[in-house]
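Descriptive analysis of the structure
The residues making up each chain are set out below.
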Amino acid sequence: MSTQLDTATPVQNGVLANLRVHPVCIAIDRFLRTPWYFVMVGQLALLSSTFALELITYTCYILIAIFIVLLGKDFLPLTPLIVLCYISPSIANNPGLNSNSVFSGISGIYLLCIASIFLLCLIIRLCTDGQIGQRAFLFCERRLLSGMLLLGAAYILAGAFSSNYTANGFRNALFGLIQFGSVFLFYFLFTGTIRWKDVSKNYLAWAGLCIGGVIFFQIAHIYLFNGVLVDWQIDRNAIYSGWGNCNNIGTMLAITIPFVFQLACTQKRPWVYEIIALLFLGGVVLTCSRGSILAAAITYALSSAVLIYKDLRRKNGRITRLIILAALIPLAVVFFHKELVYFFESLISRGWDPSQRDEIYMEGIKQFFRFPVFGGSFYPSDYVPFEFSSVQEFSAFFPPRWHNTFVQMLASCGIVGLGAYIYHRYQTVKLLLKKPSFGKGFIGLSILVLLGASLVDCHFFNVGPTMFYSVALAFAEKADTRLAI
């Protein structure tokens, strides 16, 4: 991949600009654009989540990030770190379960300080670099910007003119701002700070494989050390990590499956990626999250169809392999039916039981009818959906949610919020369908997982999945138009 400066803009002067063209910095920057970089940062995330080494991992991530923003060619290598930071906490340091986690006290102050140093370095680069900062950054074309800003305004105004807004004004606006930031921030940042003409067409796919691999091994660790198996039956309540429960883990893993298929389309030895995709699907099943399993199964089938379509005229045996891999699932059901029923009894016994979601949805609609214009804020009062945190300080800020994107928007932000969300969704669909490509197609399938699973859960209002969504939209708009159909 080219490491030369863009000749369309003048060469920068100054200490940092001179350091960027030093052979050592160029070599490091080149490494950060290879698959080995994903192996390194993925291993750091696994060490953190397995051995509670968050301080070491986050320090390494910040040092890498500071190099990128000060001495890197652009901000591209930051993209995998966004989600890896989110999925790095260990069970012992889950902030929703442990009030004395690494994110509190002295260690929390340390993390805040190093994050502030990184932010300062980022601002320095944006203010001094005329190629990816300054006016070039501020006035970069962003086709989704208007919809995101409307959605952000609806979030911040959630519950306006209601009694709930008065009672929870500051924290409601702050929570809305965080939700807006998770959708907007990284899209806005990366669309302007990456030299998209130089980006590898598979960079986001490698990031997806890295994130999915970390989550897959986290699931294996949970099964080995969390007491999930009791007499070879799954205790679903024991499936949780340092950053989410079984539903969160399952959906985050499912989101990465289309990117594995993208690598199968473009890399040598595609059978390796086809097996990995099947393993990821199995990992989602092991989370016992029904919404995640359904979303993963649909996207696996659609991704397989895209791969088959791409190879219809090739005689390389790939379609045969896909058929064989797909047949493994029903064959396993046939030959190990009794064992699988016993193993997944907790999942099978729940069947289509809505787990009180029908009641939650009805109460959310009732809140909307009480406050139809701007909703009743993110903090419900008359009816409180079930809590997910045992730490009072955590649940006092992160409110219980309505487990469906449309109900959430109506109950919290009213018709104004739903209208803003629909407009944002219209813009994203238009972006993905204009000049279609395989790159956009796999991003669209990943987003489909998030949106589909969010119809029965609150993933679109969880920070981690939405940050990945924000990054993916930047790639969809700027880079992934080159894997032509």
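This write-up is about the structure you can find in this document. Note that the structure is a prediction, hence the values are computed from the model and not measured.

The subject of this paragraph is helix α18 (residues 357–370). Within an α-helix, residues lying three or four positions from one another point in the same direction, as the helix has 3.6 residues per turn. Between its terminal C-alpha atoms α18 stretches 20 Å, which fits the 20 Å expected from 14 residues at 1.5 Å a residue. Restricting attention to buried positions, one finds in α18 the residues Arg357, Ile360, Glu363, Gly364, Gln367 and Phe368. In an axial view of α18, the angular spread of the buried residues amounts to 150 degrees, which keeps them on one side of the axis. Structurally, α18 contributes buried residues whose contacts are with α12 (246–266), α14 (290–310) and α20 (405–433).

The bulk of non-glycine residues show a negative phi, and the bulk of peptide bonds are trans. Even without a glycine there, the phi angle at phenylalanine 161 is positive, about 70 degrees. Take phenylalanine 161: it is sitting in the loop between α8 (145–156) and α9 (163–167). For phenylalanine 161, a relative accessible area of 78% puts it in the exposed group. Despite not being glycine, cysteine 288 has its phi angle at roughly 60 degrees, a positive value. Of the residues examined, cysteine 288 reaches a relative accessible area of 0% and is grouped as buried.

With that out of the way, let us pick up the packing of aromatic side chains. Per the stated rule, a full pass over the model turns up 29 aromatic pairs. Put simply, the rings of Tyr155, Phe175, Phe378, Tyr379, Phe398, Phe406, Tyr421, Phe460, Phe461 and Tyr469 pair up and form one aromatic cluster. Arginine 142 extends its terminal NZ or CZ atom over the ring of phenylalanine 137, reaching a point 5.1 Å from the ring centre. The ring centre of phenylalanine 188 lies 3.9 Å from the NZ or CZ of arginine 142, which sits over that ring.

On to empty space enclosed by the protein, then. One water molecule sets the probe size; rolling that probe over the atoms shows where empty space is left. On inspection of all chains with the given rule, the structure shows two cavities of 30 Å³ or more. In this structure, the largest cavity spans a volume of roughly 90 Å³. Lining the largest cavity are 15 residues, and of these Ser49, Gln218, His221, Ile222 and Ser241 sit closest to its centre. Broken down by secondary-structure element, the contributors of at least two residues to the lining of the largest cavity are α3 (35–51) and α11 (203–225). Broken down by element, the lining of the largest cavity gets its largest block of residues, four residues, from α11.

Once that is clear, we can look at the packing of helix α4 (residues 54–71) against helix α5 (residues 79–86). Where α4 contacts α5, the axes come no closer than 11 Å and their chain directions differ by 165 degrees. Here α4 is positioned roughly antiparallel relative to α5, judged by the angle of their axes. Crossing angle aside, the handedness with which α4 passes α5 is left-handed. Residues Tyr58, Tyr61, Ile64 and Ala65 of α4 form the contact with α5, whose own contacting residues are Leu81, Leu84 and Cys85. For the contact of α4 with α5, the class distribution of residues is seven nonpolar, no polar and no charged.

A cluster of nonpolar side chains, namely Phe31, Trp36, Val39 and Met40, defines an oily patch on the protein surface of about 390 Å² accessible area. For the nonpolar patch, the leading source of residues is α3, giving three residues. Turning to its location among the elements, tryptophan 36 is positioned in helix α3.

Before going further, it helps to spend a moment on the side chain of histidine 459. With respect to the helices and strands, histidine 459 occurs in the loop between α21 (438–453) and α22 (463–478). Of the residues examined, histidine 459 reaches a relative accessible area of 2% and is grouped as buried.

With 129 residues, the main nonpolar core has Phe190 and Phe475 as its most contacted residues. The next biggest cluster of nonpolar side chains, apart from the first, holds five residues, and it includes Ile360, Tyr383, Val407 and Ala411.

Opposite charge on two side chains allows them to pair when their charged atoms are near. Summed over all chains, the structure comprises nine salt bridges. In this structure, aspartate 129 and arginine 125 form a salt bridge, with 2.7 Å as the shortest nitrogen-oxygen distance. The two residues aspartate 129 and arginine 125 agree in class, both being buried. Among the ionic contacts, a cluster of salt bridges with common partners joins Arg20, Arg125 and Asp129.

Calculation notes
Residues numbered from 1 in each chain as written. Predicted model: local features only at pLDDT ≥ 70, side-chain atom pairs only at ≥ 80, totals over all residues. Heavy atoms only, no water. Helix = DSSP H or I, 4+ residues; strand = E, 2+ residues; numbered from the N terminus. Expected span 1.5 Å × (residues − 1). Buried < 20%, exposed > 50% of the residue type's maximum accessible area, 1.4 Å probe, protein only. Arc of directions from axis to C-beta. Contact = heavy atoms within 4.5 Å. Phe/Tyr/Trp six-rings, centres within 6.5 Å; stacked < 30°, edge-to-face > 60°. Lys NZ or Arg CZ within 6 Å of the ring centre and 35° of its normal. 1 Å grid on protein atoms, 1.4 Å probe; cavity = no way out; pocket = protein on both sides within 12 Å on 5 of 7 lines; lining within 4 Å. Points joined across faces, edges and corners; volume = space filled by probe spheres on them. Axes fitted to C-alpha atoms, helices over the stretch in contact; angles between N-to-C directions. Parallel < 35°, antiparallel > 145°, perpendicular 65-115°, else oblique. Left-handed = near helix turned anticlockwise from the far one by under 90°. Nonpolar A, V, L, I, M, F, W, Y, C, P; charged D, E, K, R; others polar. Patch = residues over 30% accessible without salt bridge, like charges linked within 9 Å, V, L, I, M, F, W, Y side chains within 5 Å. Areas by Shrake-Rupley, 256 points an atom, 1.4 Å probe, with all protein chains shown as cover. Salt bridge = Lys/Arg side-chain N within 4 Å of Asp/Glu carboxyl O. Core = buried A, V, L, I, M, F, W, Y, C linked by side-chain atoms within 4.5 Å.

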